[in-house]
Protein chains: 2
Amino acid sequence: MHVKERALRRMFGGTQGFYSLDSEACGGEMRFTVYLPARRDPPVVLALAGLTCTEETWVIKAGAQRLASELGLAIVTCDTSPRAVRLPGDDASWEFGQGAGFYLDATRAPWSGAYRLETHVQRELREALSGFPVRRGPWGVVGHSMGGHGALTLALRHPDAYASVSAFAPIVAPSRVPWGERAFTGYLGDDRDAWAEHDACELARRRVFPGELLIDQGLDDEFLARELQPERFEEACASAGQALRLRRHQGYDHSYYFVATFVDDHLRHHARALG
Amino acid sequence: MHVKERALRRMFGGTQGFYSLDSEACGGEMRFTVYLPARRDPPVVLALAGLTCTEETWVIKAGAQRLASELGLAIVTCDTSPRAVRLPGDDASWEFGQGAGFYLDATRAPWSGAYRLETHVQRELREALSGFPVRRGPWGVVGHSMGGHGALTLALRHPDAYASVSAFAPIVAPSRVPWGERAFTGYLGDDRDAWAEHDACELARRRVFPGELLIDQGLDDEFLARELQPERFEEACASAGQALRLRRHQGYDHSYYFVATFVDDHLRHHARALG
């Protein structure tokens, strides 16, 4: 796989790298980033961003590199949708299309031609990382909002690929909320059985992820009642015997100011699992 | 003074606030931000940004709030130029005009009508802060690049207003480098005596600031040789008996990835002086 280096920035004694790869899944160039701490052979934590974001969002706003450097974790980020392929209507809304890939492989035309983020992350990004000095084997995965949906669903769908999972304000029940209904209808069509395969609540009822899941949720999150509804995931985990630590935080909203506040706890969660 | 609240974000147990004030100095609305930690009556550190930046840059990119919360410091930021008043050619270059106010009061028309950042910071911003629950008395001031110039010159020009000063990759000799020559010619005209009043090297030769100045400089900074030349300030401080701690960092560039890496040391520097 051809990986192009775009920029390297020294940071906290490690290196924040910006790259792109030629994505077959997404029909062209896809950007990604890797923070490499000074530690040799660091385990990897994949950080997935939400609607409207890019591979840069976690890098600039989350403040994860400081403790990642101390704990010796590599942080990998990717983009939230294809960029090289443009489709009619892909920028008509911030909730669908550009910046809104939902970390799944679309099956409905025309989106199925390029909106294949799951393959991009699970196969291409991993293959690209095989050329970096990071530890082989399972990664940790953390995500925010749509990226929290990505973290939970990718880990539940590919349990061998991830040793630890956490999320900030995740979309846990996309089949039942406006953001998810719109995206799943567009990318997957009307077959609700297909939706269930990408719905964290539905997946959690069927498969137990080894180890505790960590979720942080702000109680002043403007999307809490309409799009997030963490109580649905709490119920699904309770009924399936899935260990879950769901923390609710008074006064915090949906922004990266919230993410930055608690990101250290998430890195420690992943460092414990990854060793 | 009328202060308008634009947004409040909970962060690290404190509040990141976004505001604007009606600026007489700058001819219209000017934005500023205040991070308030949970601590009562916190001392203030003013953080000044560089060319092309806004009041949001430090807030989003520097990662200062985490330790500010722990140390109990308030962080104040302001914009880098007037925004309400537009002048012909003010966006022709990123090095002059919009986003490039250089923290001084222009004396040359048409810039003298609105490019009065020194009065904005020293009088208006302070007056606005008198309505916030922060400690009265001197502030700390830190800045990056053009903001580093601002931190050094404002503190040397108004020593009673500041108890501590630090800078990242500051423009220390604006009278002798392209960025400064262009800005000073535009804002101050050709009188080099007037320039000297806003040149950190010239000021340091004449006035000693009580306490050690802290400066961090990356050695892979793309502007190091042409625009920054920290050795000039080192010489000026040495000849004047000004205490200076200038740290050079191999591999670091001019970006906020560099600032974020060392910002904790700067906050501790200010916390020691502010108590």
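This structure is a prediction, so every number in the text was calculated from the model and none was measured.

Q: Hey, could you go over the overall build of chain A for me, with residue numbers and the actual values?
A: Looking only at helices and strands, one finds 10 helices and nine strands in chain A. For a compact globule of 275 residues, the expected C-alpha radius of gyration is about 19 Å, and chain A comes in at 17 Å, within 12% of that figure. Seen along its three principal axes, the alpha-carbon backbone of chain A occupies a region of about 45 × 40 × 35 Å. Across the 275 residues in chain A, those meeting the buried criterion constitute 62%. Counting contacts in chain A only where the partners sit at least 6 residues apart, residues at least 24 apart contribute 71% of the total. Surface accessibility of chain A: about 10,000 Å² in total, with carbon and sulfur atoms responsible for 46%. In chain A, the 31 positive side-chain charges and the 36 negative ones have mean positions that sit 4 Å from each other.

Q: So, the pattern of salt bridges: which residues are in play, and what are the values?
A: Residues and elements named next belong to chain A. Enumeration over the complete set of coordinates arrives at 30 salt bridges over all chains. Measuring nitrogen to oxygen at the nearest pair gives 2.8 Å for the salt bridge that ties Arg 86 to Asp 90. Note that Arg 248 is salt-bridged to Glu 234, the shortest N-O span being 2.9 Å. Highlighted residues: Arg 248 in strand S9 (residues 244-249) and Glu 234 in helix H9 (residues 230-240), separated in sequence by 14 residues.

Q: An account of the relation of the copies chain B and chain A is requested, with residue identities and associated values reported.
A: For the pair chain B and chain A, the superposition axis carries a translation of 0.0 Å, the fit reaches an RMSD of 0.0 Å, and the rotation angle comes to 180 degrees. With respect to symmetry, the two chain copies, as superposed, fit the operation of a two-fold axis. Interface overlap between copies is the fraction of interface residues in one copy that are interface residues in the other; for chain B against chain A it reaches 100%, indicating a shared surface.

Q: Outline unusual backbone geometry, listing residues and values.
A: A cis geometry characterises the amide bond from Ala109(A) onward to Pro110(A), with omega recorded as 0 degrees. Backbone geometry places Thr52(A), a non-glycine residue, at a positive phi of 75 degrees. With respect to the helices and strands, the residue Thr52(A) is situated in the loop between strand S4 (44-48) and helix H1 (57-61). You will see that Ala169(B), though not glycine, has its phi angle at about 45 degrees, which is positive. The residue Ala169(B) is located in the loop between strand S7 (162-168) and helix H5 (178-188) in this model.

Q: Account for the nonpolar core, with residues named and values stated.
A: Among the nonpolar cores identified, the biggest contains 97 residues, and Trp58(B), Phe102(B), Tyr162(B), Tyr187(B) and Phe233(B) are the most heavily contacted of them. Of the residues forming this core, the biggest block, eight residues, is contributed by helix H10 (residues 256-274) of chain B. Dropping the residues within four chain positions of it, Phe233(B) is found in contact with Leu152(B), Val172(B), Ala200(B), Cys201(B), Ala204(B), Leu213(B), Ile215(B) and Leu244(B). In this structure, Leu51(A), Val177(A), Phe184(A) and Cys237(A) belong to the second largest nonpolar core, which totals 96 residues.

Q: Describe the sheet that holds strand S5 (residues 74-78) of chain A, naming the residues involved and giving the relevant values.
A: Residue and element names in this part refer to chain A. Judged by pairing direction, the sheet is mixed, and its nine strands sit side by side in the order S1-S2-S3-S5-S4-S6-S7-S8-S9 without closing on themselves. Every interior strand has two partners, whereas the edge strands, strand S1 (3-11) and S9, have only one. Geometrically, the sheet is characterised by an average inter-axis angle of 20 degrees between neighbouring strands, direction not taken into account. Judged from the nine bridges that link them, strand S2 (residues 14-23) and strand S3 (residues 28-36) form a sheet pairing that is antiparallel. Note on S3: the bridge partner recorded for Tyr 19 is Phe 32. Helix H4 (residues 146-157) contacts S4, strand S6 (139-144), strand S7 (162-168) and strand S8 (213-218) of the sheet and is inclined by roughly 150 degrees relative to S6.

Q: Talk me through helix H4 (residues 146-157) of chain B; I want residue IDs and the actual numbers.
A: All names here are of chain B. The end-to-end C-alpha distance of H4 is 16 Å, a good match for the 16 Å that 12 residues give at a rise of 1.5 Å each. Within H4, 11 of the 12 residues are buried, leaving the element largely enclosed by the surrounding structure. Every buried residue of H4 is listed here: Met 146, Gly 147, Gly 148, His 149, Gly 150, Ala 151, Leu 152, Thr 153, Leu 154, Ala 155 and Leu 156.

Q: Before we move on, could you go through the environment of Val142(B) and cite the residues and values that matter?
A: Residue and element names in this part refer to chain B. Among the structural elements, Val 142 can be located in strand S6 (residues 139-144). Residue Val 142 is classed as buried on the basis of its relative accessible area of 4%. Taking the C-alpha atoms as reference points, Val 142 and Ile 215, separated by 73 residues in sequence, lie 9.4 Å from one another. The contacts of Val 142, once residues within four sequence positions are left out, are Val 45, Leu 46, Ala 47, Leu 48, Trp 58, Ala 151, Ser 166, Phe 168, His 266 and His 270.

Q: Got a sec to walk through the pairing of S2(A)? Specific residues and values, please.
A: Residue and element names in this part refer to chain A. Counting buried residues along S2, eight of its 10 residues qualify, which places the element largely inside the surrounding structure. Taken together, the eight bridges between S1 and S2 define a ladder with antiparallel strand orientation. Across the sheet, Glu 5 pairs through a bridge with Tyr 19, a residue of S2. Hairpin connection of S1 to S2: two residues between the antiparallel strands, including Phe 12 at a positive phi of 50 degrees. Taking the residues that link successive antiparallel strands as the turn, the S2-S3 hairpin has four residues, and the phi of Gly 27 there is positive, at about 75 degrees.

Q: Lay out the side chain of Arg126(A) in plain terms, naming residues and giving numbers.
A: Residues and elements named next belong to chain A. For Arg 126, the location among the structural elements is in helix H3 (residues 117-129). Buried charge Arg 126 goes without a salt bridge, the closest partner of opposite sign being Asp 160 at 10 Å. Beyond its immediate stretch of four places on either side in the chain, Arg 126 contacts Val 121, Gly 137, Trp 139, Ala 161 and Tyr 162.

Quick notes on the rules
- Residues numbered from 1 in each chain as written.
- Chains lettered and ligands numbered in written order.
- Predicted model: local features only at pLDDT ≥ 70, side-chain atom pairs only at ≥ 80, totals over all residues.
- Heavy atoms only, no water.
- Helix = DSSP H or I, 4+ residues; strand = E, 2+ residues; numbered from the N terminus.
- Rg over C-alpha atoms; globule rule 2.2 N^0.38 Å.
- Buried < 20%, exposed > 50% of the residue type's maximum accessible area, 1.4 Å probe, protein only.
- Contact = heavy atoms within 4.5 Å.
- Areas by Shrake-Rupley, 256 points an atom, 1.4 Å probe, with all protein chains shown as cover.
- Lys, Arg positive; Asp, Glu negative; His and termini not counted.
- Charge placed at Lys NZ, Arg CZ, Asp CG, Glu CD.
- Salt bridge = Lys/Arg side-chain N within 4 Å of Asp/Glu carboxyl O.
- Least-squares fit on C-alpha atoms with pLDDT ≥ 70 in both.
- Core = buried A, V, L, I, M, F, W, Y, C linked by side-chain atoms within 4.5 Å.
- Pairing = 2+ DSSP bridges.
- Axes fitted to C-alpha atoms, helices over the stretch in contact; angles between N-to-C directions.
- Expected span 1.5 Å × (residues − 1).

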